[in-house]
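Structural features, examined
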Amino acid sequence: MYRTHGPALVRKAERVLRSRDDASDVVHAVFADLLPRWDASIDLPYLYRAVTNRCLNLLRDRTTRARLLERDHASACPVGRVALADEVVGVGLIAQLVDRLDEAHQGVLIGRFIDDLTQDELADTLGVSRKTIGKRLDHIRDEVIALRGEGGSR
Amino acid sequence: MTAPAPHDLACTAAPISWPRLEHYALAPDDREIATHLETCAACRRCYDAIAADRVELRPLVAVAPAPAESWWRRSRVRWLVPVLASAVLALVLLWPRMATPPAPHAMTLVAIKGVGEVAVELVRDRDGAIAHGATGFRAGDRFELVLTCPPAATAQLPIAVEVRELASGRVDRPLPATAIACGNGVVVPGAFALTGASRHRVCAWIGDATTPACVELAPE
């Protein structure tokens with residue numbers, strides 16, 4: 001599992017964190033934690049969620065967040081094919097949103113704008129209705145607009 | 001991984017998600033994705049980035065799994081186990097005492113004017129085993145006299161101990177006369193032993209009492 005899917009998980013973490021080293025650490029930590037209690041319920045979707053959560057935890061940590069943003073400042077030009085309110089989501093925007101969104105919305109944020117999942121895929125992955133996904137996306141857009149408003153008013 | 005797709009490179013339709021592209025990179029068996037990649041430069045670039053990427057995984061050291069926990073360790077009521085065990089143990093230990101009446105605790109009360117009630121009992125030391133309110137004796141036992149009286153009754157309470165062997169009438173005064181301050185379980189200084197094979201009566205003359213407080217001891 002680690003050899004087969006580890007690289008995909010590292011790339012996923014790297015898309016969030018914009019750092020290969022941190023991404024490798026995240027994936028290694030996820031597997032190291034799971035290894036002693038590994039069972040059949042741990043599948044690839046589970047691992048994707050675990051990596052997402054660990055990345056977001058890193059971004060919640062102010063020290064790590066500052067380091068990631070400073071070291072990878074050039075990558076503020078983000079990677080992605082799905083834009084959020086005319087903005088492609090990168091580590092800078094995720095770092096700002098992670099404090100404003102609850103876990104459910106963070107999952108949608110990463111799934112939609114980092115993994116580029118469709119709304120139907122998101123609904124299947126998260127086990128909620130497509131309508132719920134739509135509402136969560138609306139809320140995320142509202143938060144981004146609010147962020148821009150706060151930035152513009154400074 | 002090289003930057004796969006600048007954001008100005010738009011997908012021609014709905015982008016193929018990264019997890020699907022990753023799966024396709026491992027097992028290229030999805031015709032829909034194959035067709036899409038032929039026409040969409042954005043997704044093609046992402047797929048090529050995956051295909052060209054080489055990830056060096058950190059070594060993952062397999063650690064021995066912890067022993068499987070038994071059901072009661074996982075259970076939320078596991079804390080009840082030691083509590084219940086202690087309760088059962090206490091019940092087993094205390095049951096004989098609860099089921100049978102306690103042995104007579106030889107304690108004599110004597111009323112003394114100006115002092116109030118004074119309780120007198122003998123404490124026996126038999127090879128280290130201490131028995132309060134003893135009523136029997138063997139050779140080698142040692143006895144102490146213990147008094148309990150209201151602490152503020154008087155500063156010092158004179159006391160004299162007299163031991164009489166009932167069969168012979170022989171009287172002994174094994175402890176020197178003394179005075180004690182009242183309190184709870186005050187030990188009269190000194191200890192004594194009994195000899196012979198007949199009953200003994202130990203009497204304490206306390207203060208101004210006209211009758212002594214006595215305890216009888218039978219040979220065992």
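Residues numbered from 1 in each chain as written. Chains lettered and ligands numbered in written order. Predicted model: local features only at pLDDT ≥ 70, side-chain atom pairs only at ≥ 80, totals over all residues.

**Looking at the overall build of chain A**
- When you go through chain A residue by residue, the secondary structure sums to eight helices and two strands.
- Sequence-ordered secondary structure for chain A, helices as α and strands as β, is α-α-α-α-β-β-α-α-α-α.
- Residues classed as buried in chain A amount to 38% of the 154 residues present.
- Of all intrachain contacts in chain A linking residues separated by at least 6 positions in sequence, the fraction that spans at least 24 positions is 62%. (Helix = DSSP H or I, 4+ residues; strand = E, 2+ residues; numbered from the N terminus. Buried ≥ 20, exposed ≤ 12 C-beta atoms within 10 Å, placed from the backbone. Contact = placed C-beta atoms within 7 Å.)

**Points about the environment of Ile140 of chain A**
Residues and elements named next belong to chain A.
- Among the structural elements, Ile140 can be located in helix α8 (residues 130-153).
- According to the C-beta neighbour criterion, Ile140 is buried, with 22 such atoms within 10 Å.
- Counting along the chain gives 40 residues from Ile140 to Arg100, while the straight-line C-alpha distance between them is 9.2 Å.
- Discounting chain neighbours no more than four positions away, the residues touching Ile140 are Leu84, Leu101, His105, Val108 and Leu109.

**A look at the nonpolar core**
All names here are of chain A.
- Judged by nonpolar contacts, the single largest core of 35 residues is most densely connected at Ala13, Val27, Val51 and Cys55.
- Listed by contribution, the elements that provide at least two residues to this core are α1 (2-17), α2 (20-34), α3 (44-60), α5 (91-97), α6 (103-113) and α8.
- Here Cys55 is in contact with Ala13, Val16, Leu17 and Val26, once residues within four sequence places are set aside. (Core = buried A, V, L, I, M, F, W, Y, C linked by C-beta atoms within 7 Å.)

**Description of the packing of α2 of chain A against α3 of chain A**
Residue and element names in this part refer to chain A.
- Two elements in contact, α2 and α3, have axes whose closest approach is 10 Å; the angle formed by their N-to-C orientations is 125 degrees. With respect to each other, α2 and α3 are oriented oblique. The hand of the α2/α3 crossing is right-handed. Taking contact as the criterion, the partners of Asp22, Val26, Val27, Ala29 and Val30 in α2 are, on α3, Leu47, Ala50, Val51, Arg54, Cys55 and Leu58. (Axes fitted to C-alpha atoms, helices over the stretch in contact; angles between N-to-C directions. Parallel < 35°, antiparallel > 145°, perpendicular 65-115°, else oblique. Left-handed = near helix turned anticlockwise from the far one by under 90°.)

**Quick notes on the confidence of the model for chain B**
Residue and element names in this part refer to chain B.
- Mean pLDDT over chain B works out to 79, with 78% of the residues at or above the 70 mark.
- Looking across chain B, the model is least confident in helix α4 (residues 71-74), with a mean pLDDT of 60, and most confident in helix α2 (residues 31-39), with 92.
- Between residues 2-7, whose pLDDT stays under 50, and residues either more than four places distant or in other chains, the model counts 15 contacts.
- Taken together, the stretch residues 100-104 has pLDDT below 50 and engages in two contacts with residues farther than four places along the chain or on a different chain.
- Model confidence for the complex: the whole-complex pTM is 0.54, and ipTM, which rates the interface, is 0.87. (pLDDT = per-residue confidence, 0-100.)

**A closer look at the pairing of strand β1 (residues 107-112) of chain B**
Residues and elements named next belong to chain B.
- Here β1 pairs with strand β2 (residues 116-126) via six bridges, running antiparallel. Bridging across to β2, Leu109 finds its partner in Ala119.
- Here β1 folds back onto β2, and the loop between the two strands holds three residues, one of which, Gly114, carries a positive phi near 85 degrees. (Pairing = 2+ DSSP bridges.)

**Considerations on α6 of chain A**
- Burial within α6 of chain A is extensive, with eight of its eleven residues counted as buried.
- Of all the positions in α6 of chain A, only Gln106, Gly107, Val108, Leu109, Ile110, Gly111, Arg112 and Phe113 of chain A are classed as buried.

**Considering the packing of α1 of chain A against α3 of chain A**
Residues and elements named next belong to chain A.
- Interhelical geometry of α1 versus α3 gives an angle of 35 degrees and a closest axis separation of 10 Å. In terms of crossing hand, the pair formed by α1 and α3 is right-handed. Taking contact as the criterion, the partners of His5, Leu9, Lys12, Ala13, Val16 and Leu17 in α1 are, on α3, Leu44, Leu47, Tyr48, Val51, Cys55 and Leu58.
- Of the residues belonging to the contact of α1 with α3, the class tally is ten nonpolar, one polar and one charged. (Nonpolar A, V, L, I, M, F, W, Y, C, P; charged D, E, K, R; others polar.)

**Some thoughts on the environment of Leu101 of chain A**
Residues and elements named next belong to chain A.
- Considering the arrangement of structural elements, one finds Leu101 in the loop between α5 and α6.
- Spatially, the C-alpha atoms of Leu101 and His139 are 8.9 Å apart, while their sequence positions differ by 38 residues.
- Those residues in contact with Leu101 that sit more than four places away from it in its chain are Gln106, Leu109, Ile140 and Glu143.

**Details of the confidence of the model for chain A**
All names here are of chain A.
- For chain A, mean pLDDT is 84; residues scoring 70 or higher make up 90% of the total.
- The lowest-confidence element of chain A is strand β2 (residues 87-88), averaging 70 in pLDDT; the highest-confidence one is α1, averaging 91.
- Counting interchain partners and residues more than four positions distant, the pLDDT-below-50 stretch residues 74-78 has nine contacts.

**Quick word on unusual backbone geometry**
- Of note, the phi angle at Asp116 of chain A is positive, near 60 degrees, even though the residue is not glycine.
- Relative to the helices and strands, Asp116 of chain A is located in the loop between α6 and α7 (119-126).

**Details of the pairing of strand β11 (residues 213-219) of chain B**
Residue and element names in this part refer to chain B.
- Of the strand pairs in this sheet, strand β4 (residues 136-137) and β11 are connected by two bridges, and their pairing is parallel. Each residue of the ladder has a partner; that of Gly136, found in β11, is Ala218.
- Sheet topology note: the strand β10 (residues 200-206)/β11 ladder contains five bridges and is antiparallel. Within β11, the residue paired with Cys203 across the bridge is Cys214.
- Between β10 and β11, which pair antiparallel in sequence order, lie six residues; one of them, Gly207, sits at a positive phi of approximately 50 degrees.

**Regarding the environment of Tyr2 of chain A**
- The topology assignment puts Tyr2 of chain A in helix α1.
- The class of Tyr2 of chain A is buried, set by 20 C-beta atoms lying within 10 Å.
- The spacing of Tyr2 of chain A and Phe31 of chain A is 29 residues in sequence and 7.3 Å in space, taken between C-alpha atoms.
- Look past the residues within four positions of Tyr2 of chain A in its chain and what remains in contact with it is Phe31 of chain A together with Leu57 and Leu60 of chain B.

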